[in-house]
Amino acid sequence: MGPEPPAALGRHGLNKPRPQPALALAQAAIESGWGTSRFAREGNALFGQWVWGDEADGIVPEKRQEGKTHKIRAFETPLEAVAAYIKNLNTHRAYRKLRRMRADLRAQGAGLNGLTLAGGLEAYSEKGQAYVDLVRQIIAANELRPLDKARLAGARRGQSNV
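Treat the numbers as computed from the prediction; the structure is a model and nothing was measured. Numbering of residues starts from 1 in each chain and follows the order in which that chain's sequence is written. Reporting of local features is limited, given that this is a predicted model, to residues whose pLDDT is at least 70; pairs of side-chain atoms are given and counted only at 80 or more, and all residues count toward the totals for whole chains, interfaces and linings. Side-chain figures throughout are based on the complete set of non-hydrogen atoms in the structure, without hydrogens or water.

### Examining the sheet that holds strand β2 (residues 58–59)
Then step 1. Read across the open sheet, the 3 strands follow the order β1-β3-β2; overall the sheet is antiparallel. If you trace the sheet from one side to the other, it starts and ends with β1 (50–51) and β2, each paired once.
Then step 2. Pairing analysis gives 2 bridges linking β1 to strand β3 (residues 71–73), with the strands arranged antiparallel. Bridge pairing links W50 to I72 in β3. Paired strands, as defined in this entry, are two strands with at least two bridges between them according to DSSP. Secondary structure follows DSSP: runs of H or I at least 4 residues long count as helices, runs of E at least 2 residues long count as strands, and numbering of each begins at the N terminus.

### Observations concerning helix α3 (residues 78–91)
Then step 1. Between the first and last C-alpha of α3 there are 20 Å, a value that for 14 residues agrees with the 20 Å anticipated at 1.5 Å per step.
Then step 2. Each residue gets one of three labels from its accessible area relative to the maximum for its type: buried under 20%, exposed over 50%, partly exposed in between, using a 1.4 Å probe on protein chains only. Inspection of α3 places A81, A83, A84, Y85, I86, N88, L89 and N90 among the buried residues, and these make up the whole buried set.
Then step 3. Contact criterion: two residues are considered in contact whenever any of their non-hydrogen atoms come within 4.5 Å of each other. Here the buried face of α3 lies against α1 (21–32), β3 and α4 (96–107). In this scheme, a helix's expected span is set at 1.5 Å multiplied by one less than its residue total.

Shown next as structure tokens:
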């Protein structure tokens with residue numbers, strides 16, 4: 001089965017404002033150990049999202065601290081993981097700064113880029129600013145910035161795609 005056409009992406013929640021490709025790729029690299037982590041292999045967990053509760057579909061970390069109850073959210077497909085990541089960045093209060101930065105850049109007519117928007121991710125990791133710095137290092141070291149101009153076929157001009 002080939003990739004889904006852009007029109008079909010809406011049912012996965014991918015028709016919402018999306019992070020820049022460089023940002024998403026850098027975070028996926030960090031959170032999934034470049035796709036090699038147990039969470040990525042067993043549950044398509046590309047972005048390290050936590051869930052709580054007995055009913056939550058997730059994978060218990062092997063080295064979870066005593067008394068902690070979180071799991072790493074598992075997904076049927078990588079596309080579902082991406083959709084959940086997008087929803088998380090677009091709705092969780094912890095990422096208001098990221099959304100404000102994105103809106104300000106658009107209002108100024110400035111191009112969106114992952115290096116700048118990474119500054120809104122302090123709350124994504126317990127590492128805070130060190131995590132932001134790591135995201136930026138991965139974007140720079142892997143020359144991901146040109147991907148921020150990527151567009152899916154059929155996408156409107158000026159619309160972020162990934």
